[in-house]
Structures are given as structure tokens and as C-alpha cells.
Amino acid sequence: QKAEWALLKNEPTFTKDGKQVELAANIGTPQDVEGVLHNGGEAVGLYRTEFLYMEREQLPTEDEQFEAYKQVLESMDGKAVVVRTLDIGGDKHLPYLQLPEEMNPFLGLRAIRLCFEEQEVFRTQLRALLRASMFGNLKIMFPMIATLDEFRSAKAILLEEREKLQNEGINVAEDIEIGIMVEIPSTAVLADQFAKEVDFFSIGTNDLIQYTMAADRMNERVSYLYQPYNPAILRLVKMVIDAAHKEGKWAGMCGEMAGDEIAIPLLLGLGLDEFSMSASSILRARSQIKQLDYDQMGLMAEEALQKSTTEEVMELVNKVTKM
Ligand code: PEP
Ligand code: MG
């Protein structure tokens with residue numbers, strides 16, 4: 001099986017009936033790129049930049065960040081790299097940023113919210129990213145966007161930094177796509193409005209499931225509620241994908257669900273364009289997608305959206321794909 005997968009390494013990803021999708025990888029450090037290329041990743045769908053900030057005594061400088069982003073972009077050699085701006089807070093802390101304790105850290109000052117409070121930290125990262133944009137195919141993504149105003153503010157700050165750099169005579173790529181993670185239900189529900197302004201969506205199911213089911217993703221006692229195939233989740237995912245397509249934008253997914261064997265046939269049927277997963281899952285996913293029929297998965301997904309429980313959805317997928 002492994003040998004058969006290896007043959008797919010340099011192939012694009014097509015279903016049996018010729019529908020193409022993109023298989024991308026999630027990374028945390030520049031060193032991870034080697035594994036992405038080795039496993040046939042077509043892009044980086046999520047670069048979690050938190051790791052640059054963690055396990056150290058002070059903030060990374062603009063130059064340090066620039067070097068890391070440049071390295072990733074250069075090693076990906078023109079393939080797309082979606083860099084997510086800082087998502088700290090929640091379960092991740094920085095010892096050198098003194099922030100008050102919160103009752104509900106996952107509902108608190110996390111990710112883009114923290115970046116608005118600590119604007120210099122945010123601006124430094126954006127400058128590093130903009131400078132690095134000349135070295136490959138950079139796309140910038142904001143995490144934990146809950147309202148359109150947040151997206152507009154984040155984008156305005158990014159454009160301000162771009163203008164400053166240009167005034168300093170520093171080159172910045174012209175055509176950087178700016179997108180958001182959809183990981184808060186309000187944003188999934190309002191995706192049609194967001195789609196008019198963002199360049200792309202990437203659905204973060206790790207959080208979207210937690211916030212939709214009101215079940216802490218780390219708490220084993222409520223893990224029975226953590227249900228990726230729940231029709232409620234599938235309907236939200238569908239809303240996001242349809243909204244993107246209506247505006248001619250693309251929709252990806254970078255939560256764990258994107259690499260899940262049962263979810264892949266459903267997501268394919270819902271029309272997902274890009275699947276971003278751990279590099280080690282890519283060849284398995286490509287081999288699975290090659291054996292699936294896009295039209296059939298579309299019909300199956302429609303049926304799944306009318307089911308009432310996770311179990312019913314799983315039964316349907318198992319029956320149709322004979323897993
Ligand atoms: C997600 O929420 O699905 C996601 C990809 O982000 P993280 O796991 O880093 O919160
Ligand atoms: Mg998340």
C-alpha cells in the first residue's frame with residue numbers, strides 16, 4: 001500500500017470522474033516543509049506561526065520572522081503558502097506577554113482579538129510577512145474572525161503596513177490573497193456576506209466544532225459531543241463552501257476533519273476545493289479520492305445534510321463508499 005501511495009507523490013489530485021481538488025499540508029515550522037514535499041503536498045494550507053513565538057523569552061523580531069517566512073516560501077518553490085497570523089491565547093500562552101487570567105480562555109482574548117490589543121505585535125508580524133511575500137506565493141489568513149468588522153480592521157492594518165513599506169522603498173508582492181479562518185459559527189452563518197470581501201475561506205473545524213457544539217475540544221468528559229459528521233456541522237460547512245463559490249472564491253479546510261477518511265467523501269461532495277492536513281495523511285487521501293466519484297459524493301452529501309444524527313451520516317458514508 002505504501003509503495004502504491006508513493007507513486008502518487010508527484011501527481012495532481014483527481015476523483016475517478018475527473019474533478020480536481022488540492023491537497024495541502026499544515027505546518028508549524030520551516031523544517032516541516034521537507035515533509036510536505038516528501039509526501040506530495042501541493043501547497044501549505046496552514047502555517048501555524050505560533051511556534052515562532054513559543055518556548056522563548058521574548059517576542060521574535062521582524063527580521064527573525066521574515067527569515068522564517070522567506071524560508072518556507074522559497075522551499076515551497078512557487079506553491080501556495082497560507083500563513084495564519086498569530087493565534088495565541090486559548091490553550092497557548094506566551095510567558096513574556098503579561099495577560100490577565102480569564103474564566104473562559106477559549107472564549108476570551110485569543111488570536112485576532114489579542115492582535116488588536118497588542119497591535120505592535122500584529123504589525124511586526126504583518127511587516128515580516130509582506131517583506132517575505134516577494135519570495136513565493138504567499139496568502140495571508142486571519143484566525144478567529146467573528147465579525148466582518150474584525151476582518152475589515154485586520155485588512156486595513158495590513159494595507160497600512162504595506163503602504164508604509166512601499167514608502168520606505170521596500171518591495172511587496174502585488175497580488176497577495178487575504179482570507180480568513182472560518183472557525184466561529186457566526187462567520188459560517190454570515191459567510192455569504194464575508195465572501196464578498198475575503199479572497200478565500202479556510203474552515204477550521206477543530207474550533208468550529210467546539211464552538212458549535214459548545215464542547216471544549218480538550219475536555220474528555222464532553223468529547224462525545226465533538227462530532228465532525230454531525231449534520232449541523234455539515235450544514236455550516238456547506239454554507240461556507242456555497243457562499244465562496246457564489247462569489248468566485250475558493251474554500252478550503254485546515255481542521256483535522258480535512259484529512260479524515262469518513263469526512264473526505266462528504267467534503268468532496270460538498271464541493272470543498274482545498275484539503276489541508278498533516279503531511280503524513282496526504283498520500284492516503286490522494287489514493288482515497290482517486291477511487292471516489294465526485295457526482296456520487298455530491299448526491300451522498302445532499303442526503304447526509306438531511307440526516308438527523310452523526311450515526312446516520314456515518315452509516316450512509318459507509319454504505320455508499322463501502323468502507
Ligand atoms: C482549527 O481550529 O481547526 C485550526 C486549524 O486551528 P487550530 O487547531 O490551530 O486552532
Ligand atoms: Mg482554530
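Residues numbered from 1 in each chain as written. Chains lettered and ligands numbered in written order. Predicted model: local features only at pLDDT ≥ 70, side-chain atom pairs only at ≥ 80, totals over all residues.

Turning next to the nonpolar core. Judged by nonpolar contacts, the single largest core of 97 residues is most densely connected at V44, V81, I180, F201, V240, L267 and F275. At eight residues, helix 11 (residues 231-246) tops the list of elements feeding residues into this core. Sequence-distant contacts of V44, defined by excluding residues within four places in its chain, comprise A24, A25, I27, V36, V72, M76, V81 and V82. (Core = buried A, V, L, I, M, F, W, Y, C linked by C-beta atoms within 7 Å. Buried ≥ 20, exposed ≤ 12 C-beta atoms within 10 Å, placed from the backbone. Helix = DSSP H or I, 4+ residues; strand = E, 2+ residues; numbered from the N terminus. Contact = placed C-beta atoms within 7 Å.)

Turning to the site of ligand 1, a few remarks are in order. In the vicinity of ligand 1, the contacting residues are L46, R48, D87, E183, G204, T205, N206, D207, C254 and G255. For the shell around ligand 1, the secondary structure elements donating two or more residues are strand 3 (43-48) and helix 10 (205-213). It is helix 10 that provides the largest number of residues to the shell around ligand 1, a total of three residues. Counted by class, the shell around ligand 1 contains two nonpolar, four polar and four charged residues. (Near = placed C-beta within 6 Å. Nonpolar A, V, L, I, M, F, W, Y, C, P; charged D, E, K, R; others polar.)

All right, on to the UniProt feature "binding site: phosphoenolpyruvate" (unreviewed entry) in the protein chain then. Taking the numbering used here, the UniProt-annotated feature "binding site: phosphoenolpyruvate" (unreviewed entry) corresponds to R48, R84, N206, D207 and R217. As for its placement among the helices and strands, R48 is situated in strand 3. Setting aside its immediate chain neighbours within four residues, R48 contacts N26, G28 and R84. Mapped onto the elements, D207 comes out in helix 10. What makes D207 buried here is the crowd of 23 C-beta atoms within 10 Å. (UniProt positions renumbered as here; feature names shortened; annotations may be inferred.)

As a further point, take the confidence of the model for the protein chain. Per-chain confidence: the protein chain averages 96 in pLDDT, with 100% of residues scoring 70 or above. The lowest-confidence element of the protein chain is helix 1 (residues 2-6), averaging 85 in pLDDT; the highest-confidence one is strand 7 (residues 200-203), averaging 99. (pLDDT = per-residue confidence, 0-100.)

The next thing to look at is helix 6 (residues 119-132). With 14 residues, helix 6 extends 20 Å between its outermost C-alpha atoms, agreeing within 8% with the 20 Å of an ideal straight helix rising 1.5 Å per residue. Among the 14 residues of helix 6, ten are classified as buried, and the element is accordingly described as predominantly covered. For helix 6, the complete set of buried residues consists of F122, T124, Q125, L126, R127, A128, L129, L130, R131 and A132. Packing partners of the buried residues in helix 6 comprise helix 4 (62-75), strand 4 (80-84), helix 5 (112-117), strand 5 (137-142) and helix 7 (148-167). (Expected span 1.5 Å × (residues − 1).)

Helix length check: helix 7 (20 residues) gives 28 Å between terminal C-alpha atoms against 28 Å at 1.5 Å per residue, within 8%. Those residues of helix 7 not exposed but buried are E150, F151, A154, L158, E161 and R162. Here the buried residues of helix 7 occupy an arc of 110° about the axis, which is enough to place them on one side. Exposed and oriented more than 90 degrees from the buried face of helix 7 are D149, R152, A156, E160, E163, Q166 and N167. (Arc of directions from axis to C-beta.)

Attention now goes to the packing of helix 4 against helix 6. Packed helices, taken two at a time, are described by the angle between their axes plus the distance between the axes. Remark: helix 4 packs on helix 6, axes separated minimally by 8 Å, with the N-to-C direction vectors making an angle of 40°. Classified by the angle between their axes, helix 4 and helix 6 sit oblique to one another. Two packed elements cross with a definite hand, and for helix 4 against helix 6 that hand is right-handed. Side by side, helix 4 and helix 6 meet where E62, Q65, F66, Y69, K70 and L73 of the first sit next to T124, Q125, R127, A128, L129, R131 and A132 of the second. Split into classes, the residues belonging to the contact of helix 4 with helix 6 amount to six nonpolar, three polar and four charged. (Axes fitted to C-alpha atoms, helices over the stretch in contact; angles between N-to-C directions. Parallel < 35°, antiparallel > 145°, perpendicular 65-115°, else oblique. Left-handed = near helix turned anticlockwise from the far one by under 90°.)

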